[in-house]
Amino acid sequence: MSTARPAEGARLADVLKGPGYLKTLLLSGLVGIPVSLVAFWFLAGIHELQHALWSGLPHSLGWASAPWWWPLPLLLVSGVLVGLIARHMKGAGGHVPVRSMGAGMSGTSTAVLPGVVLAAAASLPFGAVLGPEAPLIALGGGLALLLRDLLRTEATPQTTTLLAAAGAAAAVAAIFGSPLIAGVLLIELVGVGGVRLFAVMLPAMLSSGIGALVFTGFGRWTGLQVGKLNAKLPEPFTRLDAPDVLWGLLIAVAVAVLQHSAMAAGRTVATYVAGRTLVRTTLCALGAGACAAAYALVTGRDPQDVASSGESTLATLTADPQAWGIGALIAVLLCKAVGYALCLGSLRGGPVFPALFLGAAAGLLLSPLPGLGVVPGVAAGLAAATAVVLRMPVSSAVLVTVLLGNTAVTPLVIMAVVAAMITTELLPGGPRPAG
């Protein structure tokens, strides 16, 4: 019997023993601490400013809640600020959201980080229909490279890749509340295999694990709120039936068409804005505000159902589905989809959070179909929307499964992801990865 190790195992040992790798691994673990702390304060600041603008200020002016027209001045200000940042600051405030996912995984230049932070702060609290994930991923990758420079570590292509991935993974773990999601996302996003995959994933997993611990512990210590992505459904669910699967696949196709259309419209808006950034960014932001105002005027509900990322609204939507009538669901889907497309091509933020809300709302709207329940309907909608915006099937399935906290729907989630990705491939124009 041969005692020689397989070539792959020998190469792996060589990587681990290679000069500088263990030092880089240790540095990657340390990266998780500052990135998680910065992510915490960034999200806490966004949350507090959003609360002040949408609750504190209306109360101080004598309103019990934000009036229907409230999104108009806030998003007008947002459009002007983002337009100025995009025109005058390095990096134009970060990537346009419709092309932003994964942009920070390769490392963001430290020179553009101020613009990224300011543009996100000028977008998210003011009601942009975007999430915080893309700016934080860029911030995590950039901070990792900044720490490398401060510690005067050699800047080789390998250390740049590993540390940027570690910083981005720590940010992903903070945003989605799970180091597991960060690890799976890195596997698909880095797009490598074998020894190189192992070499990249070790620092990323170490950083995301440490970062998640620090992020959670710091939140408990300070008592500050940073918002939490949550789609836990109160309805118990133990097994799938044939109607759940059949209707779920149809829902996945419908949601894929909706999400694909929103992304395509967002790319059109981005092309339009590129000509005259300040004026056209302001017009698009004002248009998104008009969508939220129209929704509130017609339904009598909170304009924040349409404005903002949908993170907090998603939690209330899934926790109490009966509180939403069919008319309100149709209105929020139409208005938020249009506002989302406008913000995707003009303001700054991430595309994932609003997509999750749109998918959940569509699934809930269609859940009264014969033989279908709320849980499989929402699961299929979430899976399809996530797959279209991420373009990463395994990451999408893991994210939705963790988000729902119910493994009984995992087979439907996987099938919905596949159906959604095939649908977007076949639609006119074909998909374009957001990264």
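Residues numbered from 1 in each chain as written. Predicted model: local features only at pLDDT ≥ 70, side-chain atom pairs only at ≥ 80, totals over all residues. Heavy atoms only, no water.

Undergrad: Any chance you could explain the overall build of the chain here in plain terms?
TA: Counting its regular elements, the chain contains 16 helices and 0 strands. Put simply, the chain has 435 residues, and 55% of those count as buried. Across the chain, contacts joining residues at least 24 apart in sequence account for 80% of those joining residues at least 6 apart. (Helix = DSSP H or I, 4+ residues; strand = E, 2+ residues; numbered from the N terminus. Buried < 20%, exposed > 50% of the residue type's maximum accessible area, 1.4 Å probe, protein only. Contact = heavy atoms within 4.5 Å.)

Undergrad: What is the right way to read the packing of aromatic side chains from this model?
TA: For the structure shown, the criterion picks out 4 aromatic pairs. Look at Phe40 and Trp41: their rings are 5.4 Å apart centre to centre, the planes differ by 85°, and that puts the pair in the edge-to-face class. The exposure class of Phe40 is buried, given its relative accessible area of 1%. Judged by centre distance (5.9 Å) and plane angle (65°), the ring pair of Trp63 and Trp70 falls under edge-to-face. According to the relative accessible area criterion, Trp63 is partly exposed, its value standing at 34%. By relative accessible area, which is 5% here, Trp70 ends up buried. In this structure an aromatic cluster arises from ring pairing among Trp63, Trp69 and Trp70. Here the guanidinium or amino end of Arg301 rests over the ring plane of Trp324, the centre of that ring lying 3.9 Å away. Above the ring of Phe357, the side-chain terminus of Lys336 is found at 5.1 Å from the ring centroid. (Phe/Tyr/Trp six-rings, centres within 6.5 Å; stacked < 30°, edge-to-face > 60°. Lys NZ or Arg CZ within 6 Å of the ring centre and 35° of its normal.)

Undergrad: Mind showing me how you'd approach unusual backbone geometry here?
TA: Both trends apply: most residues other than glycine have a negative phi, and most peptide bonds are in trans. The backbone of Ser308 sits at a positive phi, close to 75°, despite the residue not being glycine. Here Ser308 falls in the buried class, since its relative accessible area comes to 4%. Positioned with a positive phi, Arg391 is a non-glycine residue whose angle comes to about 60°. Mapped onto the elements, Arg391 comes out in the loop between α14 (374-390) and α15 (393-404).

Undergrad: It is not clear to me how the side chain of Ser367 should be interpreted in this structure. Could you clarify?
TA: With respect to the secondary-structure elements, Ser367 resides in the loop between α13 (352-366) and α14. The class of Ser367 is buried, set by a relative accessible area of 7%. In terms of polar contacts, Ser367 uses its side chain to reach the backbone carbonyl oxygen of Leu364, at 2.7 Å. Setting aside chain neighbours within four positions, we find Ser367 in contact with Leu372, Gly373 and Val374. (Polar contact = N/O pair within 3.5 Å; in protein donor to acceptor, adjacent residues only side chain to side chain.)

Undergrad: Which parts of the structure should I look at to understand the side chain of Asp244?
TA: Residue position: Asp244 is located in helix α9 (residues 242-273). At 3.0 Å, the side chain of Asp244 and the backbone nitrogen of Asp241 are in polar contact.

Undergrad: I would appreciate a short explanation of the pattern of salt bridges in the present structure.
TA: Opposite charge on two side chains allows them to pair when their charged atoms are near. Summed over all chains, the structure comprises 2 salt bridges. The partner of Arg301 in a salt bridge is Asp305, with the nearest N and O atoms 3.2 Å apart. Salt-bridge contacts for Glu425 lead to Arg391; the nearest nitrogen and oxygen are separated by 2.8 Å. Taken together, the residues Glu425 in helix α16 (residues 410-426) and Arg391 in the loop between α14 and α15 connect sequence positions 34 residues apart. Classification of Glu425 as partly exposed rests on a relative accessible area of 46%. (Salt bridge = Lys/Arg side-chain N within 4 Å of Asp/Glu carboxyl O.)

Undergrad: When you look at the nonpolar core in this model, what are you seeing that I'm missing?
TA: Formed by 114 residues in total, the largest nonpolar core has its most connected members in Leu136, Phe176, Leu317, Tyr340, Leu347, Leu382 and Val413. When residues of this core are assigned to their parent elements, the largest contribution, 13 residues, is made by α14. Those residues in contact with Leu347, other than ones at most four positions away along the chain, are Leu75, Ser78, Gly79, Val82, Pro97, Ser123, Ala128, Leu130, Thr281 and Ala285. (Core = buried A, V, L, I, M, F, W, Y, C linked by side-chain atoms within 4.5 Å.)

Undergrad: Would you mind showing me how to read a nonpolar patch on the surface here?
TA: On the surface, a cluster of nonpolar side chains totalling about 700 Å² of accessible area is made up of Leu57, Leu61, Trp63, Trp68, Trp69, Leu297 and Val298. Looking at Val298, the relative accessible area reads 71%, which means it is exposed. (Patch = residues over 30% accessible without salt bridge, like charges linked within 9 Å, V, L, I, M, F, W, Y side chains within 5 Å. Areas by Shrake-Rupley, 256 points an atom, 1.4 Å probe, with all protein chains shown as cover.)

Undergrad: Explanation requested: the packing of helix α3 (residues 71-88) against helix α4 (residues 113-123) in the structure shown.
TA: For any two helices packed against each other, one specifies the inter-axial angle together with the distance between the axes. The interhelical angle for the contact between α3 and α4, taken along N-to-C directions, is 165°, at an axis separation of 8 Å. As far as their axial angle goes, α4 and α3 are roughly antiparallel. Of the two elements, α3 crosses α4, and the hand of that crossing is left-handed. Where α3 approaches α4, its residues Ser78, Leu81, Val82 and Ile85 are matched on the opposing element by Gly115, Leu118, Ala119, Ala122 and Ser123. (Axes fitted to C-alpha atoms, helices over the stretch in contact; angles between N-to-C directions. Parallel < 35°, antiparallel > 145°, perpendicular 65-115°, else oblique. Left-handed = near helix turned anticlockwise from the far one by under 90°.)

Undergrad: Looking at this structure, how should I read the environment of Ser123?
TA: Mapped onto the elements, Ser123 comes out in helix α4. With relative accessibility at 0%, the residue Ser123 sits in the buried group. Residues Ser123 and Ser308, 185 residues apart in the sequence, show an inter-C-alpha distance of 8.8 Å. Among residues more than four places away in sequence, those in contact with Ser123 are Ser78, Val82, Ala128, Leu347 and Arg348. A distance of 3.2 Å separates a polar atom in the side chain of Ser123 from the backbone nitrogen of Arg348.

Undergrad: So what exactly am I meant to see when it comes to helix α11 (residues 311-319) here?
TA: Residues spaced three or four apart along an α-helix face the same direction, because each turn holds 3.6 residues. Among the residues making up α11, those that are buried are Glu311, Thr313, Leu314, Leu317 and Thr318. Angular distribution of buried residues about the axis of α11 spans 155°; they occupy a single face of the element. In this structure, the buried side of α11 is in contact with α12 (326-344), α13 and α14. (Arc of directions from axis to C-beta.)

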